[in-house]
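This is what each chain is made of:
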Amino acid sequence: MTTSYLLLAAELKKNGIDCPQAEGIASYFLGRDVLYRHDDPNRFVQDCHASTFHPPVCTRIGLHMILCALSTLGEGNTPACKRAWDLLDARCGGDGKYTLDGSLTKPYIKIERPSKPSKWVTFYALLAKKGAK
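Residues numbered from 1 in each chain as written. Predicted model: local features only at pLDDT ≥ 70, side-chain atom pairs only at ≥ 80, totals over all residues. Heavy atoms only, no water.

We note that Asp33 has phi near 50 degrees; this positive angle belongs to a residue other than glycine. Tracing the backbone shows Asp33 in the loop between helix H2 (22-30) and helix H3 (63-72). For Val34, which is not a glycine, the phi torsion comes out positive at approximately 75 degrees. Tracing the backbone shows Val34 in the loop between H2 and H3. Judged by relative accessible area, Val34 falls into the buried class, the value being 1%. (Helix = DSSP H or I, 4+ residues; strand = E, 2+ residues; numbered from the N terminus. Buried < 20%, exposed > 50% of the residue type's maximum accessible area, 1.4 Å probe, protein only.)

Here's what the structure looks like:
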């Protein structure tokens, strides 16, 4: 659920609403290089967070959304995000589009098939990159 709170904190910031917990939530992710376990820095806390799963649901929020939220909170360009950016960039094709790793069986929005370039993943990845500058 922490990823849901991260997205909420980012949305609150975009809307000019102060969220005193935002710094703590961001620190939680940055303290483990965004995706990795404290007890094993080579394993993900949740595999779905290391993927470009879209659309987001409370139990599955993709890497592009997590990096977008961290960028909105002003943390997207920190060294702790490097490994996560590398994972996301590995899903970018030569045409600049990002690949969708997975989706719901019956998504609530029209979405591309997994393993294909996705306009939604690309959109959020580019928002994340823009916010990280």
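Once you've had a look at it, read on.
Grouped together as the largest cluster of nonpolar side chains are 35 residues, with contacts concentrated most on Leu6, Leu35, Ile66, Leu67 and Leu70. Elements supplying a minimum of two residues to this core: helix H1 (2-14), H2, H3, helix H4 (82-89) and helix H5 (119-132). With seven residues, the single largest contributor to this core is H3. In contact with Ile66, other than residues within four places in its own chain, are Thr3, Leu6, Phe29, Val34, Leu35, His49 and Ile61. (Core = buried A, V, L, I, M, F, W, Y, C linked by side-chain atoms within 4.5 Å. Contact = heavy atoms within 4.5 Å.)

Under the counting rule described, the total for this entry stands at three aromatic pairs. Ring centres of Phe123 and Tyr124 lie 5.1 Å apart, and the angle between their planes is 80 degrees; on these two criteria the pair is classed as edge-to-face. Assessed through its relative accessible area of 43%, Phe123 is described here as partly exposed. The ring of Phe29 has Arg32 sitting right over it, with the charged end atom 4.9 Å from the ring centre. If you follow Arg83 out to its NZ or CZ, it ends over the ring of Tyr36, 3.5 Å from the centre. (Phe/Tyr/Trp six-rings, centres within 6.5 Å; stacked < 30°, edge-to-face > 60°. Lys NZ or Arg CZ within 6 Å of the ring centre and 35° of its normal.)

What follows covers H5. For H5, built from 14 residues, the straight-helix expectation of 20 Å at 1.5 Å per residue is met to within 8% by its first-to-last C-alpha distance of 20 Å. Along H5, the residues classified as buried are Val121, Thr122, Ala125, Ala128 and Ala132. Taken down its axis, H5 places every buried residue within 125 degrees of arc, on the same side. For H5, exposure combined with an orientation more than 90 degrees from the buried face picks out Lys119 and Lys130. Those residues of H5 hidden inside the fold are in contact with H3, H4, strand S1 (98-99) and strand S2 (117-118). Between the side-chain oxygen at the start of H5 and the backbone nitrogen of Trp120 there is a gap of 3.2 Å, and the oxygen is on Ser118. (Expected span 1.5 Å × (residues − 1). Arc of directions from axis to C-beta. Polar contact = N/O pair within 3.5 Å; in protein donor to acceptor, adjacent residues only side chain to side chain.)

Summed over the entire model, instances satisfying the criterion amount to six salt bridges. With its nearest N and O atoms 3.4 Å apart, the salt bridge here joins Arg83 to Asp33. With a gap of 50 residues between them, Arg83 in helix H4 and Asp33 in the loop between H2 and H3 connect regions that are remote in the sequence. Residue Arg83 is classed as partly exposed on the basis of its relative accessible area, which comes to 30%. Two residues, Arg91 and Asp101, come together in a salt bridge whose shortest N-O distance is 2.5 Å. In this pair, Arg91 sits in the loop between H4 and S1 while Asp101 sits in the loop between S1 and S2, placing the two residues 10 residues apart along the sequence. (Salt bridge = Lys/Arg side-chain N within 4 Å of Asp/Glu carboxyl O.)

At a minimum axis distance of 8 Å, the contact between H3 and H5 shows a crossing angle of 25 degrees. Taken together, the axes of H3 and H5 are roughly parallel relative to one another. In terms of crossing hand, the pair formed by H3 and H5 is left-handed. Contacts between H3 and H5 involve His64, Met65, Leu67, Cys68 and Ser71 on the former and, on the latter, Val121, Tyr124, Ala125, Leu127, Ala128, Gly131 and Ala132. Grouping the constituent residues of the contact of H3 with H5 by class yields nine nonpolar, three polar and no charged. (Axes fitted to C-alpha atoms, helices over the stretch in contact; angles between N-to-C directions. Parallel < 35°, antiparallel > 145°, perpendicular 65-115°, else oblique. Left-handed = near helix turned anticlockwise from the far one by under 90°. Nonpolar A, V, L, I, M, F, W, Y, C, P; charged D, E, K, R; others polar.)

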